[in-house]
Amino acid sequence: MLRRNVVMMGAAVAGLAACARPAARIGADGLPEATIFRITDADAQVIPYRMQESINTLRRAAGAGSLQLDAQLTASAATHSRDMAVQNRPWHFGSDGSSPVDRLRRVGYPGQLVGETISESFEDDISTLAAWMDARATREVIMDPSATRMGIAWFQEQGGKIWWTLVLGR
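Quick caveat: nothing in here was measured; it's all calculated off a predicted structure. (Residues numbered from 1 in each chain as written. Predicted model: local features only at pLDDT ≥ 70, side-chain atom pairs only at ≥ 80, totals over all residues. Heavy atoms only, no water.)

Participant: So what exactly am I meant to see when it comes to the packing of helix H2 (residues 41-61) against helix H5 (residues 125-134) here?
Facilitator: Two numbers describe a pair of packed helices, the interaxial angle and the distance between the axes. Axis separation between H2 and H5 bottoms out at 10 Å; the angle between their running directions is 30°. You can see that H2 and H5 cross each other, and the crossing is right-handed. The segment H2 lies against H5, with Ile47, Arg50, Met51, Ser54, Ile55 and Leu58 engaging Asp125, Ile126, Leu129, Trp132 and Met133. Within the contact of H2 with H5, the residues separate by chemical class into eight nonpolar, one polar and two charged. (Axes fitted to C-alpha atoms, helices over the stretch in contact; angles between N-to-C directions. Helix = DSSP H or I, 4+ residues; strand = E, 2+ residues; numbered from the N terminus. Left-handed = near helix turned anticlockwise from the far one by under 90°. Contact = heavy atoms within 4.5 Å. Nonpolar A, V, L, I, M, F, W, Y, C, P; charged D, E, K, R; others polar.)

Printed below as a string of structure tokens:
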């Protein structure tokens, strides 16, 4: 049963990744050419819902409950994404030494932190989610059955680098 769920999760991630972007162009060396995903205003409107639906699809396949988007968790994630860009490093502590729990207190979140997942990339949201699901530690945060709420945010630099933050709470 567990093996079937893991296989289904892998298939779901691959399927979601395939739907999200066009096929990569292949360079002269036979490798995919590097591309930068530019977040447009239209993308910004759909990314939170696309991430929520993608994550919930993966969670349902594993028997975990669905997550609801939460404005306070999203505010915490947005603050941290911008702060990581300022620090120019992906890590869980703010430039003022704040932890994910501190950031949730600052936005008035009444629940508990389940976990925070971060990324520094040039990739779109679905590719970022696929990378998170490929790593045990971040997958465990996303799939934690105690999570009931999520916030997702990003900050994109002029050069295209995106600082992603996903915060899960209950």
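Next comes the rest of the description.
Participant: Looking at this structure, how should I read the sheet that holds strand S3 (residues 149-156)?
Facilitator: The strands making up a sheet associate through backbone hydrogen bonding, with each pair oriented either parallel or antiparallel. An order of S1-S3-S4-S2 is seen for the four strands of this open sheet, with the pairing classed as mixed. For this open sheet the edge positions go to strand S1 (68-69) and strand S2 (113-121), each flanked by a neighbour on one side alone. Bridge count for S3 against strand S4 (residues 162-169) is eight bridges, and the pairing is antiparallel. Bridging from a neighbouring strand, Met150 pairs with Leu168 of S4. (Pairing = 2+ DSSP bridges.)

Participant: Explanation requested: helix H3 (residues 71-87) in the structure shown.
Facilitator: Note on helix geometry: an α-helix contains 3.6 residues per turn, so any two residues three or four positions apart are oriented the same way. Between the first and last C-alpha of H3 there are 24 Å, a value that for 17 residues agrees with the 24 Å anticipated at 1.5 Å per step. Of all the residues in H3, the buried ones are Leu73, Ser76, Ala77, His80, Ser81, Asp83, Met84, Ala85 and Gln87. Of the surrounding secondary structure, the elements contacted by the buried residues of H3 are helix H4 (100-106), S2, S3 and S4. Near the N-terminus of H3, the side chain that reaches the backbone nitrogen of Gln72, with its oxygen 2.9 Å away, is that of Asp70. (Expected span 1.5 Å × (residues − 1). Buried < 20%, exposed > 50% of the residue type's maximum accessible area, 1.4 Å probe, protein only. Polar contact = N/O pair within 3.5 Å; in protein donor to acceptor, adjacent residues only side chain to side chain.)

Participant: What's the story with the side chain of Gln156 in this structure? I'm lost.
Facilitator: Locating Gln156 in the fold gives a position in strand S3. Polar contacts involving the side chain of Gln156 include one to the main-chain carbonyl oxygen of Phe37, which spans 2.7 Å. From its side chain, Gln156 meets the backbone oxygen of Gly160 in a polar contact 2.9 Å long. Among all residues touching Gln156, those that are not within four sequence positions of it are Ile36, Phe37, Arg38, Ile39, Lys161 and Ile162.

Participant: Before we go on, may I ask you to explain the nonpolar core in this structure?
Facilitator: In terms of nonpolar packing, the biggest core is built from 19 residues, with Leu129, Trp132, Ile142, Met150 and Leu166 touching the most fellow members. Those elements that place two or more of their residues in this core are H2, H5, helix H6 (136-143), S3 and S4. Those residues within four positions of Leu166 in sequence are excluded, and the remaining contacts are Ile55, Gly115, Glu116, Thr117, Trp132, Ile142, Met150, Gly151 and Ile152. Residues Ala77, Leu104, Tyr109 and Val167 belong to the second largest nonpolar core, which totals six residues. (Core = buried A, V, L, I, M, F, W, Y, C linked by side-chain atoms within 4.5 Å.)

Participant: Got a minute to help me understand the confidence of the model for the protein in this structure?
Facilitator: Parts of the prediction with low pLDDT should not have their coordinates interpreted in detail. Summarising the model, the protein shows a mean pLDDT of 87, and 82% of its residues fall at 70 or more. Low pLDDT, under 50, characterises residues 1-9; the predicted model gives this stretch eight contacts beyond four residues in sequence or across chains. Note that residues 13-21 has pLDDT below 50 and, in this model, 10 contacts with residues that lie over four places away or in other chains. (pLDDT = per-residue confidence, 0-100.)

Participant: In this structure, what is going on with the packing of H5 against H6? I would like to understand it.
Facilitator: Contact geometry for H5 and H6: axes closest at 5 Å, N-to-C directions at 105°. With respect to H6, the axis of H5 lies roughly perpendicular. Residues Leu129, Trp132, Met133 and Asp134 of H5 form the contact with H6, whose own contacting residues are Arg136, Thr138, Arg139, Ile142 and Met143. Among the residues making up the contact of H5 with H6, the classes are represented as five nonpolar, one polar and three charged. (Parallel < 35°, antiparallel > 145°, perpendicular 65-115°, else oblique.)

Participant: Looking at this structure, how should I read the pairing of S4?
Facilitator: The side chains of a regular strand alternate between the sheet's two faces. Most of S4 is tucked away, with eight of its eight residues classed as buried. Here S4 shows a buried face lined by Ile162, Trp164, Leu166 and Leu168 and a second buried face lined by Trp163, Thr165, Val167 and Gly169. Where S3 folds back onto S4 in an antiparallel hairpin, the turn is made up of five residues, including Gly160, whose phi is positive at roughly 105°.

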